[in-house]
Structures are given as C-alpha cells and as structure tokens.
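Observations on chain architecture
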Amino acid sequence: THQWRGVIEEYRDRLPVSATTPVVTLREGGTPLVPAQVLSERTGCEVYLKVEGANPTGSFKDRGMTMAISRAKEEGAQAVICASTGNTSASAAAYAVRAGMVCAVLVPSGKIALGKMGQALVHGARILQVDGNFDDCLTLARDLADKYPVALVNSVNPVRIEGQKTAAFEIVDMLGDAPDIHVLPVGNAGNITAYWKGYREYADDGLATRRPRMWGYQAAGSAPIVNGAPVTSPQTIATAIRIGNPASWDFALAARDESGGRIDSVTDRQILSAYRLLASQEGVFVEPSSAASVAGLLKAAEAGLVDPGQRIVCTVTGNGLKDPDWAVAGAPKPTVVPVDAGAAAAQLGLDG
Ligand code: F0G
C-alpha cells in the first residue's frame, strides 16, 4: 500500500506547485542507488550508480516532465512541444497522454535511437523530423512556442530543472549526506544544472553538511563546453548527447566552478567500453550516452585524479533497451542446439 508517489508528491514542499496544480504523474523517481562493486574496486572509492533508466519511460526526463506537463495543464495548455535527441520526446509524449494533451516533437533527422522513436510513436506524438541537428530543433521549438499557442517542455523551461533536482534529494536522503563527487553525462546541460540546484538547496537548508564536486562529461565529438566554443556539426555514437550548443551552458560552468568540479570529454571508444563494463560486470544495462559518466570516472581515475576513500555517485541517465543496437553489434550469433540436454550441456561446457 505504500507505493512511491512520484516526485511531486514526494517533494511537494520543494517544488513550484500549489494545492490546485493538477499532478500529472507516472510515479517517476524513487530510482535505485546501486553500489557498483567493480567500479569501487577500480577506484578505491565507494561508487554508486543512480539508475535513472528505471523511470517510467526509461530516462531521467520523467522527473522534469511531470513538472512541465502538470504546470502546462494548470496554465490551460492544450499542446506541448519539444526538441529532442529522443528521451525528452518519449517522456513528453507519455505525460501528454496522461494530461490529455497534444504533443509535438522535433527530432534531428536520422540520429534517434529506434526505441525512443517507437515510444513517441506509440504514445501518439506528432513527430516532425527536422532537416538539421538537435540545436536546430531547439531553435525551431522555441520559435514555435513564441509564436503559437503551444507550451515548450524542453529544459530551458525552468520547471523541468525543478523536477530534475529531485534526483539529488533522493541521493542525499539515501546516503544521509551528499557524496564527495557526482558524475554525470552532459548534453544540453539541463541535468547538471538541476543536480547542482538540488544539492545546493539541501545544503542551504541543513539537510546535507556539504555539496559534491560536480563532474560532467561530454562526448569528444560534441564537446562545446570543453572546447569553449559551439560545435556546428557534433558527432558521437552517444546520440542522446549529440549537442553542439547547450542551452544551459552558463549554468553548467557555474555548477563546475562553484563546486570545484570539472567538465571534460570522453571518446566514443571510452563510452562504449564503460557501456560494456556496466552491463557485463555491474549488471546494469544503460544506453551509450549514460555510460559517459562512468567513462569519465574511469578516465579521471587512470589520470590519478580520484583520491581513494571518497563517496562517488554516477548518474546513468537512460535504459539500455532504448538503443540495443550497440549491445548486439559485433556479438557472436547464438549457437543452435537440438532439444537435448547432453548436446546443450556440451555447448555450455558443463560437466556431467
Ligand atoms: N543522457 C541521456 C540518456 C539523455 O537523453 C540526455 C539528454 C543526457 C544524458 C544529457 O542531459 O541534456 O540535461 O545535459 N537528452 C535530451 C533529449 C537532449 O532530448 O532527450 P542534459
């Protein structure tokens, strides 16, 4: 009878809602904080994974979307719009269904993982594939929201950040204090902004004795913050974070500088290696972009930048099922066996 109620009800006093705000929820949040044994051994630290793929639509976006759609509904919006590399659109589409709203999504041509496209489709979103990249999609979405009666639910909408900050609350509630370091992937930079806001609020209100250093990782082929300049044609296999001109760039720099943290990049090779390590050694299947956090932690550890004995949380942002191509790519074909225990056992190398 005591089900997690979703982030608005669980953290109502810390979110911009009133008693009359209609709460549109799929009971998002309350995601597992999983001790990472292999990563802990490798770094000499106490490493946890915040598994955001366990959210209702399979990514952290649901935390912000419950806020954005609830507030849009309260304000009488009949339609919402977003630009997306896939997860925001999947989440917006699902929450719009709950709210009885029309959802329009703008996606970059050809670079959306199939699972995410399937979600937007099955939830009945109106999908426009834009002849451009994510940054072009966001420009167009903002323009449409300016000129037409449609509410923008990208993370440039500040209530999205409010919803997403609840992940930091959950971590502190679970660990009893903030970790020493928080590591996460950075794309449009909304999530690093949100976590930092959450950690600051809890520390300011005495619910944590400290704030973590924020470590954000971009993909090397789309690392505008690391390079210090927008990337006009971002490239990476981590399509969720294939973003060349992040909307929350300044907030990401503030999170880095105020926390004494770092924003760095990881190569696609490092991302895929962390992706495989997470699945094969920690039992946690994430989408490639999500593995950028863990790839970043391992890169820093190899460079001698991680002092042992610290408590570290890595957010893994999305579910591996969203983009399974990378799981099956290059894997051997399954061995075919007859319905015969002896033959199957021989293939498996089991002794009789
Ligand atoms: N990880 C995943 C799985 C994402 O989908 C995103 C962003 C990020 C990390 C980066 O988070 O943008 O807040 O820095 N996806 C957006 C989308 C852009 O449209 O789904 P960020």
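Residues numbered from 1 in each chain as written. Predicted model: local features only at pLDDT ≥ 70, side-chain atom pairs only at ≥ 80, totals over all residues. Heavy atoms only, no water.

So the rule is basically this: UniProt positions are given in the numbering used here, feature names are shortened, and annotations may be inferred rather than shown by experiment.
The protein goes by Threonine synthase in an unreviewed UniProt entry, where it is assigned to Yinghuangia aomiensis. In its Pathway (unreviewed entry) section, the UniProt entry covering the protein states "Amino-acid biosynthesis; L-threonine biosynthesis; L-threonine from L-aspartate: step 5/5." UniProt lists a comment for the protein under the heading Function (unreviewed entry), and it reads "Catalyzes the gamma-elimination of phosphate from L-phosphohomoserine and the beta-addition of water to produce L-threonine."

1. Overview of the site of the ligand
So the rule is basically this: In this text, near means that some heavy atom of the residue lies within 4 Å of the molecule or strand in question. Polar contacts, as counted here, are pairs of nitrogen or oxygen atoms within 3.5 Å of one another; within protein the pair requires one atom able to donate a hydrogen and one able to accept it, and residues that are adjacent in sequence qualify only if both atoms are side-chain atoms. In this description, accessible areas are obtained by the Shrake-Rupley approach with a 1.4 Å probe, and a residue is regarded as covered only by the protein chains that are shown.
Near the ligand lie 19 residues; those nearest to it are S84, G187, N188, A189 and T317. Contact between the ligand and A189: an oxygen atom at 2.8 Å from a main-chain N or O atom of the residue. A distance of 2.8 Å separates an oxygen atom of the ligand from a polar backbone atom of N191. Here the ligand, which alone exposes 480 Å², has 99% of that area covered by the protein.

2. Thoughts on helix α11 (residues 249-259)
Our working definition: Only protein chains enter the accessibility calculation, which uses a 1.4 Å probe; a residue whose area is less than 20% of its type maximum is buried, one above 50% is exposed, and one in between is partly exposed. Numbering of helices and strands runs from the N terminus; a helix is a DSSP stretch of H or I covering at least four residues, while a strand is a stretch of E covering at least two. As used here, the arc belongs to the directions running from the helix axis to the C-beta atoms. Residue contacts are defined here by distance: any two heavy atoms, one from each residue, within 4.5 Å place the two residues in contact.
Among all positions of α11, only W249, A252, A255 and S259 are buried. Viewed end-on, α11 has its buried residues packed into an arc of 125°, placing them on one side of the element. The elements touched by buried residues of α11 are α9 (190-204), β8 (213-219), α10 (224-227) and β9 (262-266). Taken from the residues just after α11, G260 is the one with a positive phi, measuring 70°.

3. With respect to the environment of L138
Summarising the element assignment, L138 is placed in helix α6 (residues 134-147). Along the chain, L138 and S84 lie 54 residues apart, while their C-alpha atoms are 7.7 Å from each other. Setting aside its immediate chain neighbours within four residues, L138 contacts A83, N154, N188 and A247.

4. Description of the pattern of salt bridges
For clarity, the threshold we go by: Between Lys or Arg on one side and Asp or Glu on the other, a salt bridge is scored when a side-chain nitrogen of the former is within 4 Å of a carboxyl oxygen of the latter.
All chains considered together, the criterion is met by 20 salt bridges. Across the pair E170 and R63 runs a salt bridge, and its minimum N-O distance is 2.7 Å. Highlighted residues: E170 in helix α8 (residues 166-175) and R63 in helix α3 (residues 61-74), separated in sequence by 107 residues. Exposure class is identical for E170 and R63. Each is buried. Beyond isolated ion pairs, a larger network of salt bridges with shared partners links R14, E162, K165, K197, E201 and D205.

5. Brief notes about the sheet that holds strand β6 (residues 151-152)
Stated precisely, the cut-off is as follows: Between any two strands, pairing holds if DSSP finds at least two bridges.
What the four strands build is an open sheet, ordered β5-β4-β3-β6; its pairing is parallel. Looking along the sheet, the strands with just one partner apiece sit at the ends: β5 (126-130) and β6.

6. Quick look at the side chain of T166
By secondary structure assignment, the location of T166 is in helix α8. According to the relative accessible area criterion, T166 is buried, its value standing at 0%. Within the local environment of T166, its side chain forms a polar contact with the side chain of R63, the two groups lying 3.1 Å apart. Once you skip the residues sitting within four places of it in the chain, T166 turns out to touch V7, Y11, L15 and R63.

7. Some thoughts on the pairing of strand β10 (residues 311-316)
Counting buried residues along β10, five of its six residues qualify, which places the element largely inside the surrounding structure. As paired elements, strand β2 (residues 46-51) and β10 share six bridges and run parallel to each other. Along β10, the bridge assignment pairs K50 with T315. Of the pairings in the sheet, the one linking strand β7 (residues 181-185) to β10 comprises three bridges and is parallel in character. In the sheet register, V183 faces β10, and the bridge partner there is C314.

8. A short note on the packing of aromatic side chains
To be explicit about the condition: The aromatic pairing rule takes the rings of Phe, Tyr and Trp, using the six-membered ring of Trp, and pairs them if the centres are within 6.5 Å, calling planes under 30 degrees apart stacked, those over 60 edge-to-face and the rest tilted.
One pass over the structure, following the stated rule, counts five aromatic pairs. Relative to Y199, the ring of Y195 lies with its centre 6.4 Å away and its plane at 35°, an arrangement referred to as tilted. Of this pair, Y195 and Y199 both sit in helix α9, four residues apart, which is roughly one turn of the helix. Summarising the burial analysis for this pair, Y195 and Y199 share the class buried. Relative to F285, the ring of Y275 has its centre 6.2 Å away and its plane inclined at 55°; by these criteria the two rings are tilted. Remark: F285 occurs in the loop between α12 (268-282) and α13 (292-302) and Y275 occurs in helix α12; sequence separation between them is ten residues.

9. Section: unusual backbone geometry
Unlike most non-glycine residues, R27 shows phi in positive territory, near 65°. For R27, the location among the structural elements is in the loop between α1 (7-10) and β1 (33-35). Phi at A189 is positive, roughly 75°, even though this residue is not glycine. Structurally, the position occupied by A189 is in the loop between β7 and α9. Take A189: its relative accessible area is 4%, and that puts it in the buried class.

10. Focus on the UniProt feature "domain: Tryptophan synthase beta chain-like PALP" (unreviewed entry) in the protein
Annotation from UniProt places "domain: Tryptophan synthase beta chain-like PALP" (unreviewed entry) at residues 24-318. Counting secondary structure, residues 24-318 comes out at 44% helix and 17% strand; the distance between its end C-alpha atoms is 21 Å.

11. A word on the confidence of the model for the protein
Selection rule: Values of pLDDT, ranging from 0 to 100, describe the predictor's confidence in every residue of the model.
Of the residues in the protein, 100% have a pLDDT of 70 or more, and the chain-wide mean is 97. The complex model carries a pTM of 0.97, and its ipTM stands at 0.99.

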